[in-house]
Amino acid sequence: EAGVAQSPRYKIIEKRQSVAFWCNPISGHATLYWYQQILGQGPKLLIQFQNNGVVDDSQLPKDRFSAERLKGVDSTLKIQPAKLEDSAVYLCASSPEIGTGMTAYGYTFGSGTRLTVV
Amino acid sequence: AQSVAQPEDQVNVAEGNPLTVKCTYSVSGNPYLFWYVQYPNRGLQFLLKYITGDNLVKGSYGFEAEFNKSQTSFHLKKPSALVSDSALYFCAVRAPGEAAGNKLTFGGGTRVLVKP
């Protein structure tokens, strides 16, 4: 099966600019996650969708970050305006729907988008 | 709140020697535990998981991990390390039950360097 697709792979922007990342999950996976991985740290959950609804966005800096999954498939994560501390790898992951008993089997990650803010 | 600690930033081992990467966790209830590996410029790849049952779980590439409830640990092991095992390893925990929302909490990672 095809994996989780993310684009772009790399992005360099100046602070105060805006940027958007795209994710296409594994076909049939209802749940989609965006994680932020700062260099030298473990990934941190930013937002979790089930279909097109938000399950958890408690750690999303909502003053500058936004995410959507309008049709319950692809998702975009946007940062506006970017700060230097947003430099990180943004990982997208997907898993089967919560409540089906299948989510205990972990999820599949994409290769990530490496963002550098200068 | 759930948390994971990986006490070693880096582990160095000679090729052919046993490899151990340590992980301790904190979560309410019986945990779901995972190990992932990350190679340079790649996403995280699933290695193995503990959900229930036998405390010793076997995963990909010859890795195994032992769940120890009394010590709240889930150490990753490989009997004979290869140079190609050099990578960044992450332990993760999830609270049990669907109500937990399948949120994974990751440790800070341990870099493994296997020398020829």
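Look a little higher up for the structure.
Attention here is on the structure that accompanies the text. (Residues numbered from 1 in each chain as written. Chains lettered and ligands numbered in written order. Predicted model: local features only at pLDDT ≥ 70, side-chain atom pairs only at ≥ 80, totals over all residues. Heavy atoms only, no water.)

### A short note on the state of the cysteines
All names here are of chain A. For the structure on display, the rule yields two disulfides over all chains. Disulfide partner of Cys23: Cys92, at an S-S distance of 1.9 Å. Between Cys23 and Cys92, the S-S torsion sits near -70°, and that sign places the bridge as left-handed. A residue pair is termed long-range when its members are at least 10 positions apart, and Cys23 in strand β3 (residues 19–24) and Cys92 in strand β9 (residues 88–95) qualify at 69 residues. (Disulfide = S-S within 2.5 Å. Helix = DSSP H or I, 4+ residues; strand = E, 2+ residues; numbered from the N terminus.)

### Concerning the side chain of Ser75 of chain A
All names here are of chain A. When you line up the elements, Ser75 lands in strand β8 (residues 75–79). Within the local environment of Ser75, its side chain forms a polar contact with the backbone oxygen of Glu68, the two atoms lying 3.0 Å apart. Not counting residues up to four positions away in its chain, the partners in contact with Ser75 are Phe21, Trp22, Cys23, Leu32, Trp34, Phe49, Glu68 and Arg69. (Polar contact = N/O pair within 3.5 Å; in protein donor to acceptor, adjacent residues only side chain to side chain. Contact = heavy atoms within 4.5 Å.)

### Topic: the environment of Phe67 of chain B
Relative to the helices and strands, Phe67 of chain B resides in strand β8 (residues 64–68). Contact partners of Phe67 of chain B, with chain neighbours within four places excluded, come to Tyr25, Pro31, Leu33, Tyr50, Asn55, Ser73 and Phe74 of chain B.

### Section: the environment of Thr20 of chain B
Residues and elements named next belong to chain B. Looking at the element boundaries, Thr20 is found in strand β3 (residues 19–21). By relative accessible area, which is 33% here, Thr20 ends up partly exposed. Leaving out residues up to four positions away in the same chain, Thr20 has contacts with Glu8, Val11, His75, Leu76 and Lys77. (Buried < 20%, exposed > 50% of the residue type's maximum accessible area, 1.4 Å probe, protein only.)

### Overview of the pattern of salt bridges
If charged atoms from side chains of opposite charge come close, those side chains can pair. All names here are of chain A. Considering all chains together, one arrives at five salt bridges over all chains under this definition. Here Arg64 and Asp86 are joined by a salt bridge, their closest N and O atoms 2.5 Å apart. Here Arg64, found in the loop between β6 (53–56) and β7 (65–68), pairs with Asp86, found in the loop between β8 and β9; they are 22 residues apart in sequence, far enough to count as distant. Exposure class is identical for Arg64 and Asp86. Each is buried. (Salt bridge = Lys/Arg side-chain N within 4 Å of Asp/Glu carboxyl O.)

### Thoughts on the pairing of strand β5 (residues 44–50) of chain A
Residues and elements named next belong to chain A. For β5, the tally of buried residues reaches six of seven residues, placing the bulk of the element in the interior. Pairing of strand β4 (residues 31–37) with β5, which is carried by six bridges, proceeds in the antiparallel orientation. Each bridged residue has a counterpart across the sheet, and for Tyr33 the counterpart in β5 is Gln48. The hairpin formed by β4 and β5 contains six residues between the paired strands, and Gly40 there has a positive phi angle of roughly 85°. Pairing geometry for β5 and β6, over three bridges, is antiparallel. The partner of Gln50 across the bridge, within β6, is Gly53. (Pairing = 2+ DSSP bridges.)

### Notes on the sheet that holds β7 of chain A
Residues and elements named next belong to chain A. Spatially, the four strands line up as an open sheet ordered β1-β3-β8-β7, and their pairing is antiparallel. The sheet terminates laterally at β1 (5–7) and β7, the two strands that pair on one side only. Each adjacent strand pair in this sheet contributes to an overall mean axis angle of 15°, direction not counted. The pairing of β7 with β8 spans four bridges and is antiparallel. Bridging from a neighbouring strand, Ala67 pairs with Leu77 of β8. (Axes fitted to C-alpha atoms, helices over the stretch in contact; angles between N-to-C directions.)

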